[in-house]
Amino acid sequence: MSNKKTDLHKKNHEDDIEMALLKTVYNSVELNFIENLLDENNIPYILKDQGSGGYMRIYSGFSIYGTDIFVEESMFEKAKSIIDEFPLNE
């Protein structure tokens, strides 16, 4: 007899998307630029602020703790090659 709850739980794990850290940025200009590049190239991403950075970004527009940009693992190489075309740190 199959346990429906267990089967559903297993199904959800099979559908999980593997994410990879693309870059950590420390200012809003770089963050906005990378977001625009990813959007223009139809690459989905997730932003994760470090520490209390999320509150700082909402309050002041940027976070001194940095913001991690994650992309789906299968899109990582494409995303990396796109942002590497624009050396923002130099």
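Residues numbered from 1 in each chain as written. Predicted model: local features only at pLDDT ≥ 70, side-chain atom pairs only at ≥ 80, totals over all residues. Heavy atoms only, no water.

Draft legend 1. A look at unusual backbone geometry. You will see that Asn42, though not glycine, has its phi angle at about 55 degrees, which is positive. Along the chain, the position of Asn42 falls in the loop between helix H2 (28-40) and strand E2 (45-49). Judged by relative accessible area, Asn42 falls into the exposed class, the value being 65%. (Helix = DSSP H or I, 4+ residues; strand = E, 2+ residues; numbered from the N terminus. Buried < 20%, exposed > 50% of the residue type's maximum accessible area, 1.4 Å probe, protein only.)

Draft legend 2. Structural context of the sheet that holds strand E3 (residues 67-72). Here three strands make up an open sheet; going across it, the order is E1-E3-E2 and the pairing antiparallel. A strand with exactly one partner marks an edge of an open sheet, and here the two such strands are strand E1 (19-25) and E2. Direction aside, neighbouring strands of the sheet carry axes that sit 30 degrees apart on average. Note that E1 and E3 share six bridges and pair antiparallel. Pairing of Thr24 across the sheet is with Asp68, part of E3. This element, H2, spans E1, E2 and E3 of the sheet and lies at about 145 degrees to E1. In this fold helix H4 (residues 76-84) packs onto E1 and E3, with an angle of close to 20 degrees to the strand it touches most, E1. (Pairing = 2+ DSSP bridges. Axes fitted to C-alpha atoms, helices over the stretch in contact; angles between N-to-C directions. Contact = heavy atoms within 4.5 Å.)

Draft legend 3. Up close: the confidence of the model for the protein. Chain-level statistics for the protein give a pLDDT mean of 78 and a share of 64% at 70 or above. Across the protein, element-level confidence peaks in H4 with a mean pLDDT of 96 and bottoms out in helix H1 (residues 4-14) with 46. In the predicted structure, residues 1-12 sits below a pLDDT of 50 and forms one contact with residues beyond four places in sequence or in another chain. (pLDDT = per-residue confidence, 0-100.)

Draft legend 4. Structural view of the packing of aromatic side chains. Evaluation of the coordinates by the stated rule reveals one aromatic pair. Look at Phe33 and Phe86: their rings are 5.3 Å apart centre to centre, the planes differ by 75 degrees, and that puts the pair in the edge-to-face class. Placement of Phe33 in helix H2 and of Phe86 in the segment after H4 is noted, with a sequence separation of 53 residues between them. Note on Phe33: relative accessible area 29%, which makes it partly exposed. (Phe/Tyr/Trp six-rings, centres within 6.5 Å; stacked < 30°, edge-to-face > 60°.)

Draft legend 5. Up close: the side chain of Asp68. Checked against the element boundaries, Asp68 lands in strand E3. Although Asp68 is buried, it forms no salt bridge, and the closest oppositely charged side chain is Lys48 at an N-O distance of 6.0 Å. Side chain to side chain, Asp68 and Thr24 meet in a polar contact 2.6 Å long. Apart from the residues lying within four places of it in its own chain, the contact partners of Asp68 are Leu21, Lys23, Thr24, Ile46, Leu47, Lys48 and Gln50. (Lys, Arg positive; Asp, Glu negative; His and termini not counted. Salt bridge = Lys/Arg side-chain N within 4 Å of Asp/Glu carboxyl O. Polar contact = N/O pair within 3.5 Å; in protein donor to acceptor, adjacent residues only side chain to side chain.)

Draft legend 6. Representation of the nonpolar core in the model. Membership of the largest hydrophobic core comes to 14 residues, with the highest contact counts inside it found for Leu22, Ile34, Leu38, Ile43, Ile69, Val71 and Ala79. Excluding its chain neighbours within four sequence positions, the residues that come into contact with Ile69 are Ala20, Leu21, Leu22, Lys23, Val25, Leu31, Ile34, Leu38, Tyr45, Ile46 and Leu47. (Core = buried A, V, L, I, M, F, W, Y, C linked by side-chain atoms within 4.5 Å.)

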